[in-house]
Structure formats: structure tokens, C-alpha cells
Amino acid sequence: MLIVSSDAHRAHHAVELDTGELIPSWEHPGRADAVSAAVAGADLGTMVGPDPLDRSLVDRVHDPVYVEFLETAHERWVAEGHRAPGAMGFAWPARGAASPDRRPDDLLGQLGWHSFAADCSIVAGTWAAAADAAACAQTAADAVDLAAGAESSAFALCRPPGHHAGVDTFGGYCYLNNAAIAAQRLLDRGATRVALVDVDFHHGNGTQELFSDRDDVAFCSIHGDPTWAFPWFSGHAGETGVGAGEGFTLNLPLDRGATLEVWLDALGGGLDWVRGHGCDALVVSLGVDTFEGDPISEFALGTDDFPAVGAALAGLGLPTVLVLEGGYATDELGANVAGVLTGFATTAAASI
Ligand code: OKP
Ligand code: ZN
């Protein structure tokens, strides 16, 4: 398994608005460093840096106006003389009350226009980190052999994560949708349909938005039920895709406290659904915030459970790109991610 990572993430350290307080973000540089150390120690494969980012790939996944906004927002923030290190909006186009398609000219207005949550901000290093994370996903997607099975796999050690980033919005610690960029790259390389399985605790609302009207990506997400879990406004079982994409989205919301048994039962259903959709490659949005000790999530998987997650995913027998998403229990994060990857690699090797 090729491992793709970059050090550019270290300059992205932001604050978040958490229950009325501005705090250092739960999504911090120590996360990627912990994953990197654990993955190196697990001897899973060669570690490389990313190839240069293909901007046209990013511009086909996201609105190019949004990508340009992300790239320039911090320099505009500095030029306007604001004191805070990070650019963050504070007013959003509310449901039912906003003029459609009237993007404001002003930076603060655009920060609201292009975001859906105040749990992340744009600091000096954010664009470079997000662009390199996307490049890691692109490079991992280029590394897998589309004619092979699960024995051909790559891990993109992305930070910041990506699955909450939509067509033209950031939020939930995500700016560019790394997993969607990997999926689009696999399609560009000749895959006819890509399965995108999101095992992060939170609903992959950005990924769902990007692909909901398409039939070339089958998207399945297992997550805390949006009646009580972030991002609250999507991820219900009734959301199954729209137009040509009808039937190509599957949401599996679960109650609080899901154990491995409950959770794997849902994943099994999701993987059977994927098997019925004729996919020739797999992208995994790999969050391990399903861990029982995660400080901001409410499932109950143990460190010893994670290899079974990887083994189940390898059971699809598809060439696979695993993309890092969430996981905030920093002390156990490395072991939990390495556990998934080891379970995946062991099962994939046994199936050849
Ligand atoms: C990103 B990913 C904690 C605030 C949490 C939203 C969580 C974003 C999760 N009180 N902010 O899906 O892991
Ligand atoms: Zn998450």
C-alpha cells in the first residue's frame, strides 16, 4: 500500500467556535503527525510526497470561483487589516431567507456565502495545506491499478480532512473534498463507476452534495443520526440521490453508542448495496472518530475493532484509495488508523 503525505499541513492550525467559545481546533497538526508515525511503524508500504496538484481536477469537483476564494481569502483578510489570525464568517444565507445566486462582493459576506459552519477558519497556511491534502488524494488515486483487486491500494494521509466540503462551501474542518477528488481522478483514469464509502462518524454532507445527481459515484455513509449529530442538516435515510443520481446515495444513520457489532452490521448492508452497483474502484473516507474515546463523537468502537473495519472494506475486492478524514483522540488516533490499514492489507493479500 502506497502512503502519500505532506508536511504542508503543519502551517494550518486554526481556531473553532465550540459551544460559544473560540478554542484551538480539535483538528490540529498533531493528528497527522500521530497517523504518520503509526503508519511508518506498521510497515504498510512506501511513504511518498504528493505529485503537483492538477488544478483542473479540483476545478471540476468544486466551483472554480470557490477554489479561487479559498486560495486568496487569507491575503484579502490581511489586506483588510483584521486582527484575528484566521478569517471566519459570522453570517450565513439562511434557509428560505436569502437571495439565490447573489454572492456578495465583500470578504466577510463571502466567508458566510462559502461556509456552513464556524468550526474552522482560514489562516495563513490553510490554502497550502488544503491544496497538498488534495494532491495527496490525487496521487493516491493515480497509484492504484484499475485492473487489479484490493491488493492494489493507497492511503492518502490528508490533513485537513475533506468530506464536509461541498461544491462551494467549507465547514466541519474541511476545505477541499479530498475523497471526491480521488474519486473523480479514478473516473478520469477510466473507472466507469466508483464506490465512495464514508466510515467517518459524521455524515459526509459535502461528498453527498457533490455526487447526489450523478450515477458514476455510488456514495454510502454510516454516521451519527443527524437528528442529534453534526452536521445536522443532511444524512437522513430518505436522502437517496436526485435525478440521474437517484438510487446512488445510501445513508445509514445510527443511534448513539454504536458498538462494533451494530456498526459492522450497518457496514455489511452498505457493502452489499455497493456490490449491487457495478463499481470498479473504491474510495474510503476513513474517519476513525467512531472510536469510543473520541472527544467529539458518540460511537463506541475500540482500538482492537479497527482491523475488522479494514478487512470488511477489503472484502469488496476493488482497487482502493483510503483517504484520511476525522479522528480526534490524538493518543489513539495512529493505532486506530494503522489498525484499519493493516486489516485491509492483510485481507487483501489473503484474497489473491
Ligand atoms: C469533521 B469530520 C465540537 C465541534 C465539532 C464539527 C465536527 C467536524 C467533524 N464541539 N465541529 O467529519 O471528522
Ligand atoms: Zn468526523
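Structural data are supplied above this passage.
Residues numbered from 1 in each chain as written. Chains lettered and ligands numbered in written order. Predicted model: local features only at pLDDT ≥ 70, side-chain atom pairs only at ≥ 80, totals over all residues. Heavy atoms only, no water.

## Section: the overall build of the protein chain
The criterion, for reference: Strands are runs of DSSP state E lasting at least 2 residues, helices are runs of H or I lasting at least 4, and numbering of each runs from the N terminus. As defined in this context, the radius of gyration uses C-alpha atoms, and a globule is described by 2.2 Å times the residue total to the power 0.38. Exposure is judged per residue with a 1.4 Å probe applied to protein chains only, and the accessible area is read against the type maximum: over 50% gives exposed, under 20% gives buried, and values in between give partly exposed. Note on definitions: a residue-residue contact is assigned when non-hydrogen atoms from the two residues lie within 4.5 Å.
Within the protein chain, the regular secondary structure consists of ten helices and ten strands. Computed over its C-alpha atoms, the radius of gyration of the protein chain comes to 19 Å, within 12% of the 20 Å expected for a compact globule of 352 residues. The principal-axis extents of the C-alpha atoms in the protein chain amount to approximately 60 × 45 × 40 Å. The buried share of the protein chain, reckoned over its 352 residues, is 57%. Within the protein chain, residue pairs in contact and separated by at least 24 positions form 77% of the contacts whose partners lie at least 6 positions apart.

## Re the packing of aromatic side chains
Which entries qualify depends on this criterion: Under the pairing criterion, centres of Phe, Tyr and Trp rings, with the six-membered ring standing for Trp, must be within 6.5 Å; the plane angle then separates stacked pairs below 30 degrees from edge-to-face pairs above 60, leaving the rest tilted.
For the structure on display, the rule yields six aromatic pairs. Ring centres 5.5 Å apart and planes at 75° place the aromatic pair Phe230 and Trp232 in the edge-to-face group. The partly exposed category is assigned to Trp232, whose relative accessible area is 43%.

## Quick notes on the side chain of Asn177
Filter applied, for reference: Here a polar contact means two N or O atoms within 3.5 Å. Within protein one must be a hydrogen donor candidate and the other an acceptor candidate, and residues neighboring in sequence count only if both atoms are side-chain atoms.
Along the chain, the position of Asn177 falls in the loop between strand S5 (153–156) and helix H6 (178–188). With a relative accessible area of 0%, Asn177 lands in the buried category. There is a polar contact of 3.1 Å between the side chain of Asn177 and the backbone oxygen of Ala165. A distance of 3.0 Å separates a polar atom in the side chain of Asn177 from a polar atom in the side chain of Thr207. Apart from the residues within four sequence positions on either side, Asn177 is in contact with His62, Gly162, His163, Ala165, Gly206, Thr207 and Leu210.

## Details of the site of ligand 1
The test is simple: Whether a residue is near a molecule or strand depends on its heavy atoms: if one lies within 4 Å, it is near. We get accessible surface area from the Shrake-Rupley algorithm with a probe of 1.4 Å; when it comes to residues, only the shown protein chains can shield them.
Neighbouring residues of ligand 1: 14 residues in total, closest Asp18, His163, His164, Asp289 and Tyr328. The separation between a nitrogen atom of ligand 1 and a polar side-chain atom of Asp119 is 3.2 Å. Side-chain polar atom of Tyr173 to a nitrogen atom of ligand 1: 3.5 Å apart, as the coordinates give it. In isolation ligand 1 exposes 410 Å². Once the protein is present, 87% of that is buried.

## Some words on the packing of helix H8 (residues 260–275) against helix H9 (residues 306–314)
For clarity, the cut-off: Lines fitted to C-alpha atoms define the axes, with helix axes restricted to the stretch in contact, and inter-axis angles between N-to-C directions lie between 0 and 180 degrees. Orientation is classified from the angle alone, with under 35 degrees giving roughly parallel, over 145 giving roughly antiparallel, 65 to 115 giving roughly perpendicular, and any other angle giving oblique. Handedness of each helix crossing follows the sense of rotation of the near helix against the far helix: counterclockwise by less than a right angle gives left-handed, clockwise gives right-handed. Polar here means any residue other than Ala, Val, Leu, Ile, Met, Phe, Trp, Tyr, Cys and Pro, which are nonpolar, and Asp, Glu, Lys and Arg, which are charged; Gly is therefore polar.
Interhelical geometry of H8 versus H9 gives an angle of 15° and a closest axis separation of 11 Å. Taken together, the axes of H8 and H9 lie roughly parallel to each other. Of the two elements, H8 crosses H9, and the hand of that crossing is right-handed. Between H8 and H9, the contacting residues are Leu260, Trp263, Leu264, Leu267 and Leu271 on the first element and Ala308, Val309, Ala312 and Leu313 on the second. In terms of residue class, the contact of H8 with H9 is built from nine nonpolar, no polar and no charged.

## Some details on the sheet that holds strand S10 (residues 320–324)
For clarity, the threshold we go by: Two strands make a pair as long as DSSP finds a minimum of two bridges between them.
Read across the sheet, eight strands follow the order S4-S1-S5-S10-S9-S6-S7-S8 without closing on themselves; strand pairing throughout is parallel. Two strands close off the open sheet at either side, each with one partner strand: strand S4 (47–48) and strand S8 (249–254). One ladder, built from five bridges, connects strand S6 (residues 194–198) with strand S7 (residues 217–224); its direction is parallel. Across the sheet, residue Val197 finds its bridge partner in S7, namely Cys220. Lying on the sheet, helix H10 (residues 330–350) is in contact with S5, strand S9 (281–286) and S10; it crosses S10 at an angle near 175°.

## A short note on the side chain of Ser234
Take Ser234: it is sitting in the loop between S7 and S8. Residue Ser234 is classed as buried on the basis of its relative accessible area of 13%. In terms of polar contacts, Ser234 uses its side chain to reach the side chain of His203, at 2.8 Å. Among all residues touching Ser234, those that are not within four sequence positions of it are His203, Asn205, Gln208, Pro226 and Glu239.

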